[in-house]
Amino acid sequence: MIIAAGGGRRIGGPEALLRLGERPLVDRMVATMMEAGCAPTVVVLGAAADEVRRTAELDGATVVVNQAWGTGVGSSIRAGLAALTDDAVEAVVVVPVDMPGLTVEAVRRVVALPYPDVLVCATYGGLRGYPMLFGRRHWAGIATLARADVGARPYLLAHKDLIVDIGCDAVADGSRVDSPELMTLYGLSVPPQRIGA
């Protein structure tokens, strides 16, 4: 599941419209997830969803639009989980779209234990980050507690003894782009018509 619904106030436009060169970052994230073997791949859009659909390919992904995206990432997690209706799916890996340093190898490390009772978090410098893997048995609890801009954090804190931490420092950059300075550092841009929106 790729969370790409935020309005990107601090970066000048919706995260889903971020571009790396000529390519939308969301398309790069879809390709990364698919190459890592994640299927189905769900993309949760929100801010500027129509524009994202016009400018991104989103090939092979299931697109869900979170109409309540302005309430925070919690509603996007709930929308994404609700879209996973296939009972054969035992776990879901979650990543935000604003991680240009995410790699196929990091996703593969985190999804190595795709069981219904698993909770896995990538770590960078000993700190938990994305990707995260949520086993199906946790989905209802995560959906219940995922509120506002804290996402799955309340559920993870309540179940911290169950989390398996997987070090990804050596294979990926866990930084999220949340400032103009980081956009410049990673060579990202927002289409001109969105700057200042």
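Residues numbered from 1 in each chain as written. Predicted model: local features only at pLDDT ≥ 70, side-chain atom pairs only at ≥ 80, totals over all residues. Heavy atoms only, no water.

(A) Focus on the overall build of the chain. Broken down by element type, the chain carries 7 helices and 10 strands. The C-alpha radius of gyration of the chain comes to 16 Å, within 12% of the 16 Å expected for a compact globule of 197 residues. C-alpha atoms of the chain, sized along the principal axes, occupy 45 × 35 × 30 Å. When each of the 197 residues of the chain is scored for burial, the buried share is 50%. (Helix = DSSP H or I, 4+ residues; strand = E, 2+ residues; numbered from the N terminus. Rg over C-alpha atoms; globule rule 2.2 N^0.38 Å. Buried < 20%, exposed > 50% of the residue type's maximum accessible area, 1.4 Å probe, protein only.)

(B) Quick look at the sheet that holds strand β4 (residues 42–45). Taken in spatial order, the 7 strands line up as β5-β4-β1-β6-β8-β7-β9 in an open sheet, and their pairing is mixed. Lying at the two open borders of the sheet, with one neighbouring strand each, are β5 (62–65) and β9 (163–167). Looking at each pair of strands side by side, their axes are set apart by 25° on average, direction ignored. Alignment of strand β7 (residues 119–124) against strand β8 (residues 127–135), held across 6 bridges, turns out to be antiparallel. From the neighbouring strand, Cys121 faces β8, where its bridge partner is Met132. Across the sheet, helix α3 (residues 73–83) touches β1 (2–4), β4, β5 and β6 (91–96), and the angle it forms with β4 is around 145°. (Pairing = 2+ DSSP bridges. Axes fitted to C-alpha atoms, helices over the stretch in contact; angles between N-to-C directions. Contact = heavy atoms within 4.5 Å.)

(C) Seen up close, the side chain of Asn66. Within the fold, Asn66 resides in the loop between β5 and α3. One polar contact links the side chain of Asn66 to the main-chain amide nitrogen of Ala68, over a distance of 2.9 Å. Separated by 2.8 Å, the side chains of Asn66 and Ser75 make a polar contact. (Polar contact = N/O pair within 3.5 Å; in protein donor to acceptor, adjacent residues only side chain to side chain.)

(D) Highlighting the state of the cysteines. All told, the structure shown has 0 disulfides when counted by the stated rule. No disulfide involves Cys121; its nearest neighbouring cysteine sulfur is the one of Cys168, lying 10 Å away. Judged by its relative accessible area of 1%, Cys121 is buried. (Disulfide = S-S within 2.5 Å.)

(E) A look at the sheet that holds strand β3 (residues 23–24). Read from one edge of the open sheet, 3 strands run β3-β2-β10, paired in antiparallel fashion. Looking at the sheet topology across the chains shown, the edges are occupied by β3 and β10 (188–189). Taken together, the 2 bridges between strand β2 (residues 19–20) and β3 define a ladder with antiparallel strand orientation. Note that in β3 the partner of Arg19 across the bridge is Pro24.

(F) Structural detail: the nonpolar core. Formed by 65 residues in total, the largest nonpolar core has its most connected members in Ile2, Val43 and Phe134. Beyond its immediate stretch of four places on either side in the chain, Val43 contacts Ile2, Ala4, Val26, Val30, Leu58, Ala61, Thr62, Val63 and Val64. (Core = buried A, V, L, I, M, F, W, Y, C linked by side-chain atoms within 4.5 Å.)

(G) Focus on the pattern of salt bridges. Under the counting rule described, the total for this entry stands at 3 salt bridges. Residues Asp98 and Arg176 are paired through a salt bridge, measuring 2.9 Å at the closest nitrogen-oxygen approach. Placement of Asp98 in the loop between β6 and α4 (104–110) and of Arg176 in the loop between β9 and α7 (180–185) is noted, with a sequence separation of 78 residues between them. Judged by its relative accessible area of 4%, Asp98 falls in the buried class. Glu105 is the salt-bridge partner of Arg109, the closest N and O atoms lying 3.6 Å from each other. In this pair, Arg109 and Glu105 both sit in helix α4, 4 residues apart, roughly one turn of the helix. Given the relative accessible area of 31%, Arg109 is considered partly exposed. Overall, the relative accessible area of 37% leaves Glu105 in the partly exposed class. (Salt bridge = Lys/Arg side-chain N within 4 Å of Asp/Glu carboxyl O.)

(H) Structural context of helix α1 (residues 25–35). Those residues of α1 not exposed but buried are Leu25, Val26, Asp27, Met29, Val30, Thr32 and Met33. Backbone geometry just after α1 places Gly37 at a positive phi near 95°.

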